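Remarks on the overall topology
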Amino acid sequence: MKLTLSVIKADIGSIGGHIAPSRALLEKVRALVAERAKGLLLDHYISYTGDDIAILMTHARGTGSAEVHRLAWDAFLAGTAVAREQGLYGAGQDLLKDAFAGNVTGMGPAVAEMTIEERPNEPFLFFAADKTDPGAYNLPLYLAFADPMTTPGLILSPKMAKGFRFVVMDVNCTEGDRVIELSAPEELYDLAALLRDPERYVVESVWSRATGEQAAAVATSRLHNIAGKYTGKDDPVMLVRTQMNFPATGEILAPYATAHFVAGGMRGSHNMPLMPVALDTGTSYFDGPPLVSCAAFAVHGGRLTEALDCFAHPFWDSVRDRAAEKGMEMRRQGFFGAAMLPMGELEYTGITEKLKSLDGRFHMRKEAERAAA
Ligand code: F6R
Ligand code: MG
Ligand code: MG
């Protein structure tokens, strides 16, 4: 059967700053989705990662369905009302437009969707990251789908030997979706040349070249492109199908053991390691560290099993320890050099304003002055 997996997430308010949504807020979102799901959705699952609530939905209405998007939008609106009642911080933060116009893309919430021909057994992973942006998935996707050092399936499985096609988006382009398609392994160096710059070039989807099936869908929205200014990091969600013609679940998860540095953390303006965490984990140290959670599912006829919590396994404790060490090490150098993001990526305008005012105080040394200096 043709099945659509849609995940739509938003930050609509949280307790204690940008830590995590309240129980009442989550319950409101859950209640509204449950009430309206009948006849529309086949199943759904709601979780949070940091201050973001994600609604994962299965249905037969295809990607970009106005009804499905409206359901998520309405659930976030209802949640926002509770967030306001409770005085939560950043109530309605990611709902950047007033009126719903048929699709939440471009309205603030992040969306990852794919329509698949459901396999007799259909394992897939749902990732949610907080205090970072969509480029955070560039490295793990490259390693899992294009690097045999990470994914032995690329050399061991005949089904994977044809490689994968990457669709990469230039997220700096505000006029429309500027994308390029690159095939691994032939165009590996071209792919690497783009993915090394995760603030500009972001993997949007990955496809099997053996079967043409979609393997991964990433939310690539950039909030500042919508609001015209930074309003927070984009906190991306991602769906990845696993096994058979795709990398195994363990091959998809393995790259997160790197705890690689990503853009985000405090004021969305730093480089900090991405920490794999259990589902429903809030943020803490330095408004971070940037977090990623992963729920594993089997889906059959659109019905989801319970979610398994991939990063709750004891293996990830030592990765978390190392991520904490890396984070603290980076923090030792405060605002200097690599610790903070380059000018164009800073979430706050304070520095730009300061530099503008200092610029007027610079002067060119005169010849005589130079000789004396
Ligand atoms: C990062 C983030 C936080 C806030 C910080 C200041 O994406 O959301 O680090 O930037 O807590 O928040 P405001 O400016 O809302 O006081
Ligand atoms: Mg927030
Ligand atoms: Mg967030």
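Look up: the structure comes first, before these words.
The structure reproduced in this document is the subject of the present report. All figures in this text were calculated on a predicted structure; none of them were measured in a lab.

Cut-offs and rules
For every chain, the first residue of the written sequence is number 1, and numbering continues from 1 onward in sequence order. Chain letters and ligand numbers both follow the written order, the letters beginning at A and the numbers at 1. The model is predicted, so local features are restricted to residues of pLDDT at least 70 and side-chain atom pairs to those at 80 or more, both for listing and for counting; the totals for chains, interfaces and linings are taken over all residues. In computing side-chain values, all of the structure's heavy atoms are included and hydrogens and water are not. Note on terminology: near, applied to a residue and a molecule or strand, indicates that one of the residue's heavy atoms is within 4 Å of it. Polar contact is the term for a pair of N or O atoms within 3.5 Å; when the atoms are in protein, one must be able to donate a hydrogen and the other to accept it, and sequence-neighboring residues count only if both atoms are side-chain atoms. Three classes are used: nonpolar for Ala, Val, Leu, Ile, Met, Phe, Trp, Tyr, Cys and Pro, charged for Asp, Glu, Lys and Arg, and polar for all others, with Gly counted as polar. Among buried residues, the Ala, Val, Leu, Ile, Met, Phe, Trp, Tyr and Cys ones that are joined through side-chain atoms within 4.5 Å form a nonpolar core. Working definition: with a 1.4 Å probe on protein chains only, accessible area under 20% of the residue-type maximum means buried, over 50% means exposed, and in between means partly exposed. Any two residues having at least one pair of non-hydrogen atoms within 4.5 Å are treated as being in contact. Only rings of Phe, Tyr and Trp enter the pairing, Trp through its six-membered ring, and a pair is recorded when the two centres are within 6.5 Å. The plane angle decides the type: under 30 degrees is stacked, over 60 is edge-to-face, the rest tilted. Numbering of helices and strands runs from the N terminus, with a helix taken as a DSSP run of H or I at least four residues long and a strand as a DSSP run of E at least two residues long. In this scheme, the term charge over a ring applies when either NZ of a lysine or CZ of an arginine sits within 6 Å of the ring centre and within 35 degrees of the ring normal. Metal donors: N, O and S atoms at distances within 2.8 Å, or within 3.2 Å for Na, K and Ca, with water omitted from the atom set so that some sites may seem incomplete. We treat two strands as partners when DSSP finds at least two bridges between them. All axes are obtained by fitting lines to C-alpha atoms, using only the stretch in contact for helices, and the reported angles, taken between N-to-C directions, cover 0 to 180 degrees.

Brief notes about the site of ligand 1
Contacts to ligand 1 come from His-18, Tyr-89, Lys-131, Gly-265, Met-266, Arg-267, Gly-268, Asp-287, Glu-347 and Tyr-348. Here an oxygen atom of ligand 1 sits 2.7 Å away from a polar atom, N or O, in the side chain of Tyr-89. Within the backbone of Arg-267, an N or O atom sits 2.8 Å from an oxygen atom of ligand 1. Each residue belonging to the shell around ligand 1 can be placed in one class, and the counts come to three nonpolar, three polar and four charged.

What to know about the nonpolar core
The nonpolar side chains of a soluble globular protein tend to be buried, and buried together. Grouped together as the largest cluster of nonpolar side chains are 46 residues, with contacts concentrated most on Phe-127, Tyr-137, Phe-145, Phe-166 and Tyr-256. Sequence-distant contacts of Tyr-256, that is, excluding residues within four places in its chain, are made with Phe-127, Tyr-137, Pro-140, Met-238, Leu-274, Pro-276, Val-292, Phe-311, Trp-316 and Val-319. Formed by 32 residues, the second largest nonpolar core is a distinct cluster that contains Leu-25, Ala-75, Leu-88 and Met-107.

Brief notes about the packing of aromatic side chains
Per the counting criterion, the structure on display carries 12 aromatic pairs. Judged by centre distance (6.4 Å) and plane angle (55°), the ring pair of Phe-127 and Phe-311 falls under tilted. With a gap of 184 residues between them, Phe-127 in strand E5 (residues 122-130) and Phe-311 in the loop between strand E16 (308-309) and helix H8 (315-331) connect regions that are remote in the sequence. A single burial state applies to Phe-127 and to Phe-311, both of which are buried. When the centroid spacing of 4.9 Å and the interplanar angle of 85° are considered together, the rings of Phe-315 and Trp-316 count as edge-to-face. Judged by its relative accessible area of 45%, Phe-315 falls in the partly exposed class. Among the aromatic residues, those joined into a ring-pair cluster are Phe-127, Tyr-137, Tyr-256, Phe-311, Phe-315 and Trp-316. A cation over a ring is seen here: Arg-267 above Tyr-348, with NZ or CZ 5.0 Å from the ring centre.

With respect to the coordination of the magnesium ion (ligand 2)
The expected angle between donors at a tetrahedral four-coordinate metal is 109.5 degrees. At an octahedral six-coordinate metal it is 90 or 180 degrees. Coordination sphere of the magnesium ion (ligand 2), protein contribution only: Asp-11 (OD), His-18 (ND1), Asp-51 (OD) and Gln-93 (OE1), at 1.9 to 2.8 Å. If you list the donors of the magnesium ion (ligand 2) from N- to C-terminus, the spacing comes out as D-x6-H-x32-D-x41-Q. Between the magnesium ion (ligand 2) and the magnesium ion (ligand 3) the interatomic distance comes to 4.8 Å, and Asp-51 is a ligand of both metals. Overall, Asp-11 belongs to the buried group, its relative accessible area being 1%.

Regarding the sheet that holds strand E4 (residues 110-117)
An order of E2-E3-E1-E4 is seen for the four strands of this open sheet, with the pairing classed as antiparallel. Since the sheet does not close on itself, it has two edges, and those belong to strand E2 (43-49) and E4, each with one partner. With strand direction ignored, the average angle separating the axes of adjacent strands in the sheet is 15°. With seven bridges connecting them, E2 and strand E3 (residues 52-59) associate as antiparallel partners. Bridged to Thr-49 within E3 is Asp-52. Its contacts with the sheet place helix H1 (residues 23-37) against E2 and E3, and it is angled at close to 165° to E2. Here helix H2 (residues 66-86) sits on the sheet and contacts strand E1 (2-10), E3 and E4; the angle it forms with E3, its principal contact strand, is near 150°.

Concerning the coordination of the magnesium ion (ligand 3)
Only Asp-51 (OD), Asp-52 (OD), Asp-130 (OD) and Asp-235 (OD) from the protein coordinate the magnesium ion (ligand 3), and they sit 2.0 to 2.6 Å from it. In primary-sequence terms, the residues that donate to the magnesium ion (ligand 3) follow D-D-x77-D-x104-D.

What to know about helix H3 (residues 138-146)
Helical periodicity: at 3.6 residues per turn, an α-helix aligns residues three or four positions apart in one direction. Burial of H3 is extensive: seven of the nine residues sit out of reach of the surface. When we look at burial in H3, the residues that qualify are Asn-138, Pro-140, Leu-141, Leu-143, Ala-144, Phe-145 and Ala-146.

Looking at unusual backbone geometry
Geometrically, the link from Ala-184 to Pro-185 is a cis peptide bond, its omega value of 10° lying close to zero. Relative to the helices and strands, Pro-185 is located in the loop between strand E7 (179-184) and helix H5 (188-195). A cis geometry characterises the amide bond from Gly-288 onward to Pro-289, with omega recorded as -10°. Mapped onto the elements, Pro-289 comes out in the loop between strand E13 (275-276) and strand E14 (291-300). Within the chain, Lys-131 stands out as a residue other than glycine whose phi angle is a positive 60°. Note on placement: Lys-131 falls in the loop between E5 and H3. A relative accessible area of 9% places Lys-131 in the buried class. Positive phi is not limited to glycine here, since Asp-235 has a value of about 45°.

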